[in-house]
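Summary of the model geometry
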Amino acid sequence: MLSDDEKAWAREWAPKIFGTAYLLCIMAMVGAHPRPGSVDSLTTALVAGLPWALGLGALGTVGAILWRRHN
């Protein structure tokens, strides 16, 4: 399992990783919309980007923890 140091690191960095993934997914989905820059594209991206961001954020967090253990 995770040590106390790794848990503290994950508590600090997981929201940052998830937030970055969410913003990147929103930008990608707004750009892929038929009318990029419209309010419709933004509302669609806010909802549709969430599952992708959760998956990417989880993979990013686990990957960062594994990378920290390796180094």
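Everything below is about the structure printed above this text.
Residues numbered from 1 in each chain as written. Predicted model: local features only at pLDDT ≥ 70, side-chain atom pairs only at ≥ 80, totals over all residues. Heavy atoms only, no water.

This brings us to the overall build of the chain. Counting its regular elements, the chain contains two helices and zero strands. For 71 residues, the compact-globule formula gives about 11 Å, and the C-alpha radius of gyration of the chain, at 15 Å, lies well above that figure. Its C-alpha atoms give the chain principal-axis dimensions of roughly 45 × 20 × 15 Å. Relative to its 71 residues, the chain shows a buried fraction of 25%. Pairs at least 24 apart in sequence give 64% of the contacts found in the chain among residues at least 6 apart. Total accessible area on the chain stands at roughly 5,100 Å², and carbon and sulfur atoms take up 72% of it. Side-chain charges of the chain comprise 6 positive and 5 negative groups, with the mean position of each set lying 2 Å from the other. (Helix = DSSP H or I, 4+ residues; strand = E, 2+ residues; numbered from the N terminus. Rg over C-alpha atoms; globule rule 2.2 N^0.38 Å. Buried < 20%, exposed > 50% of the residue type's maximum accessible area, 1.4 Å probe, protein only. Contact = heavy atoms within 4.5 Å. Areas by Shrake-Rupley, 256 points an atom, 1.4 Å probe, with all protein chains shown as cover. Lys, Arg positive; Asp, Glu negative; His and termini not counted. Charge placed at Lys NZ, Arg CZ, Asp CG, Glu CD.)

Across all of its chains, the model carries one aromatic pair by this definition. Ring centres of Trp9 and Trp13 lie 6.4 Å apart, and the angle between their planes is 20 degrees; on these two criteria the pair is classed as stacked. A residue pair is termed a helical-turn pair when its members lie 3 or 4 positions apart in one helix, as Trp9 and Trp13 do in helix 1 (residues 4-32) at four residues. Assessed through its relative accessible area of 17%, Trp9 is described here as buried. For Trp13, a relative accessible area of 36% translates into the label partly exposed. (Phe/Tyr/Trp six-rings, centres within 6.5 Å; stacked < 30°, edge-to-face > 60°.)

Two elements in contact, helix 1 and helix 2 (residues 39-70), have axes separated by 6 Å at closest approach and are oriented at 145 degrees. Between helix 1 and helix 2 the crossing geometry is right-handed. The class makeup of the residues in the contact of helix 1 with helix 2 is 23 nonpolar, five polar and four charged. (Axes fitted to C-alpha atoms, helices over the stretch in contact; angles between N-to-C directions. Left-handed = near helix turned anticlockwise from the far one by under 90°. Nonpolar A, V, L, I, M, F, W, Y, C, P; charged D, E, K, R; others polar.)

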